[in-house]
Every structure is written in structure tokens, then in C-alpha cells.
Amino acid sequence: MNKILFPTDFSKTADNAFLYALTLAEKMDASLTLLHVYELPELGRSLKTTTKEVYEMMEMEALEDFKKSVKKLRGLAEEKGLNHISFSHQMEEGETVSVVAHIAKQLEVDLIVMGTKGATGLQEIFLGSVATGVIDESEKPVLTIPDKASYKDTIDKVAYLSNYKDEEAAAFREGFAFAGLFNAQVLCVHYDGEQQVENKHRDEWRAKITDETKNIDFNVITGPSFEEALVKFNKDAQIDILAVQPRKKNVFARLFSTSVSKTIAHHLNIPLLTLPKK
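Nothing here was measured: the structure is a model prediction, and the numbers come from that model.

Draft legend 1. Spatial organisation of empty space enclosed by the protein. Under the criterion given, the structure shown has two cavities of 30 Å³ or more. Reported here for the largest cavity is a volume of approximately 40 Å³. Every residue along the wall of the largest cavity is listed here: Val 158, Ala 159, Tyr 160, Phe 172, Gly 175, Phe 176, Ala 179, Val 186 and Ala 243. Looking at the lining of the largest cavity element by element, the count peaks at four residues for helix 6 (residues 169–180). A class-by-class count of the residues in the lining of the largest cavity yields eight nonpolar, one polar and no charged.

In C-alpha cells form, the structure reads like this:
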């Protein structure tokens, strides 16, 4: 990896994610591009004679705000001792998700880092947000940072959620390589609500991915709900990043549509690394 894209709306949530983007740029020896997307409103036909002038004024205001916000981020980087890490910046007009996807392809980025509103990136992503759209459109990994995630300049544990499917192997290796940037421990986590996991099935999948990836800690979590089991596991394991390869978004939406999702909102503020299917 050598190119990171950081889409931002300059909110506090995005500022928190910016620190992760800077740290990753240093760890990956990658270039970092800050991208701000703004949308101009539809003014309607009644303002036809002044539309051009109004748009020009709005674009000038957006540019001035952009310059001020970039300066603020440079100050934040200096405050955290990260001002030695350089980044470029650009501003584009249009619909956020489509512009981010277009710029990511144009720059041939290897990773997208962005913030998500709400207490947990998990619920936000799978129930619908700008981050959801970016993940759906992106052909590259997306790291989403919940606004309440505490910034850490070191990552000690990366957990990968697995269903022991053959198609997960490539994504798992990518997650493993990401963890290697920090010399982090890798935890492979499988949820088995009925506590009927078949060791043979698990061992077959393990054999497919351990030829190249050693020192993996395999875990099976159980409980009446995925949310509760994951919160309990994290309480003991203290995960720094949770990696997952989404397949059917409606499945995740169903998982997080119950009242138990409030448990995650209060107790699980983990950055989420979403790995596209290879």
C-alpha cells in the first residue's frame, strides 16, 4: 500500500479519523490525500438570471472555509506530534459517495480512511450512511473510525470476523498484512449462536489460511445475540481494530436492528476495517 485517501467534512468526527490517517500514512510509507466534497443546492428556475453569480459566490465561500479547515488540521497534527507527516488536499463539488469513489479510482488509492457519526462504526455502516455508500462503491479497503473511538498511535490487536467461508481467505490475508504494519496480534473471531461450531469445518478453513499467516489466535464467541457476544469478547480482548468482509448488507442490518444494538452503541467504539471481496 502506498496511497491513502481521507474524505472529510471537517467535523470533530472526521478530525479524530484524521489522526488515524496520519499514523497509517507513516506506518505504510504512504502518500495521504485529504478530500473535501461539497454539494451546491438546486436553486430552481426562478433564479435563472442570477444562478451563475450565486454559485460562484457559494464556491468562493466553500473554498475559504476549506482553506481555514485545512489550516486547523495542520494545527491538530502539530498538537499530536504528527506534523512531520505531509499530506496533499483537494476540494471537489458533487455527490459525496460518487465523488469519493471516483477520486479513489483516479488516484489508485490502496486504502480509504474516514470517520463515522454515532457511537459505533458497526451500526452506522450497516444501517446506512455516507460510509455505507463508500464501502459499497470502493474496490479497496475502507477503515472507518467511530467518533468516540480514542485515538491510539499503536495498534496491538486486530480481530477478523469470520464465518469460515473459502471466499474469506484472501480478505483475511489482507487484514493480516494490515495488522503486520503494527506488529499487532491477530484474532480470528467466529460467532456461533447455537454453540454448535464444527471443529472439522473450522480446522479446514484454518488450514487454508495458516500456511502464510502464523501466530493467529482463533476464537469462537457464543451468546443469545451477536452484539452481546462481541461486546463481551471485546471487554476481555480489548480489540483495537475489527476487520470484516461484508457480503449481504441486509444480514448485518438485521443483526443491528434490534434493541440490543444500543449495547454496542455504549460499549463498543472500535474502528472497522472493511475488506472488499477479492
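Draft legend 2. Spatial organisation of the nonpolar core. Counting residues in hydrophobic clusters, the biggest one holds 50 residues, and the most contacted among them are Ile 4, Phe 18, Leu 24, Leu 111 and Leu 143. Ignoring any residue separated from it by four or fewer positions in sequence, one finds Ile 4 in contact with Ala 21, Leu 24, Ala 25, Met 28, Ala 30, Ser 31, Leu 32, Thr 33, Leu 111 and Val 113.

Draft legend 3. Quick look at the packing of aromatic side chains. One pass over the structure, following the stated rule, counts five aromatic pairs. Residues Tyr 20 and Tyr 151 carry aromatic rings whose centres are separated by 5.5 Å and whose planes lie at 90° to one another, so their mutual orientation is edge-to-face. Highlighted residues: Tyr 20 in helix 1 (residues 12–27) and Tyr 151 in the loop between strand 5 (142–146) and strand 6 (157–161), separated in sequence by 131 residues. Centre to centre, the rings of Tyr 160 and Phe 172 are 5.1 Å apart; their planes meet at 90°, and the pair counts as edge-to-face. Taken together, the residues Tyr 160 in strand 6 and Phe 172 in helix 6 connect sequence positions 12 residues apart. For Phe 172, a relative accessible area of 1% translates into the label buried.

Draft legend 4. Quick peek at the confidence of the model for the protein chain. In this model, the protein chain carries a mean pLDDT of 78, and residues with pLDDT of at least 70 account for 75%. Looking across the protein chain, the model is least confident in helix 9 (residues 249–255), with a mean pLDDT of 46, and most confident in strand 1 (residues 3–7), with 95. Taken together, the stretch residues 250–263 has pLDDT below 50 and engages in 24 contacts with residues farther than four places along the chain or on a different chain.

Draft legend 5. Unusual backbone geometry, seen in detail. A positive phi is found at Glu 108, a non-glycine position, where the angle reads about 55°. Examined against the element boundaries, Glu 108 turns out to sit in the loop between helix 3 (96–107) and strand 4 (111–116). Look at Glu 108 and you get exposed, because its relative accessible area is 59%. Phi at Tyr 164 is positive, roughly 60°, even though this residue is not glycine. Among the structural elements, Tyr 164 can be located in the loop between strand 6 and helix 6. Judged by relative accessible area, which is 2%, Tyr 164 ranks as buried.

Draft legend 6. Structural detail: the pattern of salt bridges. For the coordinates displayed, the defined rule picks out two salt bridges. A salt bridge links Lys 72 to Asp 15, with the shortest nitrogen-to-oxygen separation between them at 3.2 Å. Residue Lys 72 is located in helix 2 (residues 51–79), and its partner Asp 15 is located in helix 1; the two are separated by 57 residues in the primary sequence. With a relative accessible area of 42%, Lys 72 lands in the partly exposed category.

Draft legend 7. Fine view of the sheet that holds strand 5. Read from one edge to the other, the open sheet built from 10 strands follows the order 3-2-1-4-5-10-9-6-7-8, with strand pairing classed as mixed. The outermost strands of the open sheet, each flanked by one partner alone, are strand 3 (88–93) and strand 8 (216–221). On average, each strand axis in the sheet is tilted by 25° relative to the strand beside it, whichever way the strands run. Of the pairings in the sheet, the one linking strand 1 to strand 4 comprises two bridges and is parallel in character. Paired with Ile 4 across the strands is Leu 111, a residue of strand 4. Here helix 1 sits on the sheet in contact with strand 1, strand 2 (31–38), strand 4 and strand 5, set at roughly 155° to strand 4. Where helix 6 meets the sheet, it contacts strand 4, strand 5, strand 6, strand 7 (185–191), strand 8, strand 9 (241–244) and strand 10 (272–274), and its direction lies at approximately 145° from that of strand 7.

The rules behind the values
Residues numbered from 1 in each chain as written. Predicted model: local features only at pLDDT ≥ 70, side-chain atom pairs only at ≥ 80, totals over all residues. Heavy atoms only, no water. 1 Å grid on protein atoms, 1.4 Å probe; cavity = no way out; pocket = protein on both sides within 12 Å on 5 of 7 lines; lining within 4 Å. Points joined across faces, edges and corners; volume = space filled by probe spheres on them. Helix = DSSP H or I, 4+ residues; strand = E, 2+ residues; numbered from the N terminus. Nonpolar A, V, L, I, M, F, W, Y, C, P; charged D, E, K, R; others polar. Core = buried A, V, L, I, M, F, W, Y, C linked by side-chain atoms within 4.5 Å. Buried < 20%, exposed > 50% of the residue type's maximum accessible area, 1.4 Å probe, protein only. Contact = heavy atoms within 4.5 Å. Phe/Tyr/Trp six-rings, centres within 6.5 Å; stacked < 30°, edge-to-face > 60°. pLDDT = per-residue confidence, 0-100. Salt bridge = Lys/Arg side-chain N within 4 Å of Asp/Glu carboxyl O. Pairing = 2+ DSSP bridges. Axes fitted to C-alpha atoms, helices over the stretch in contact; angles between N-to-C directions.

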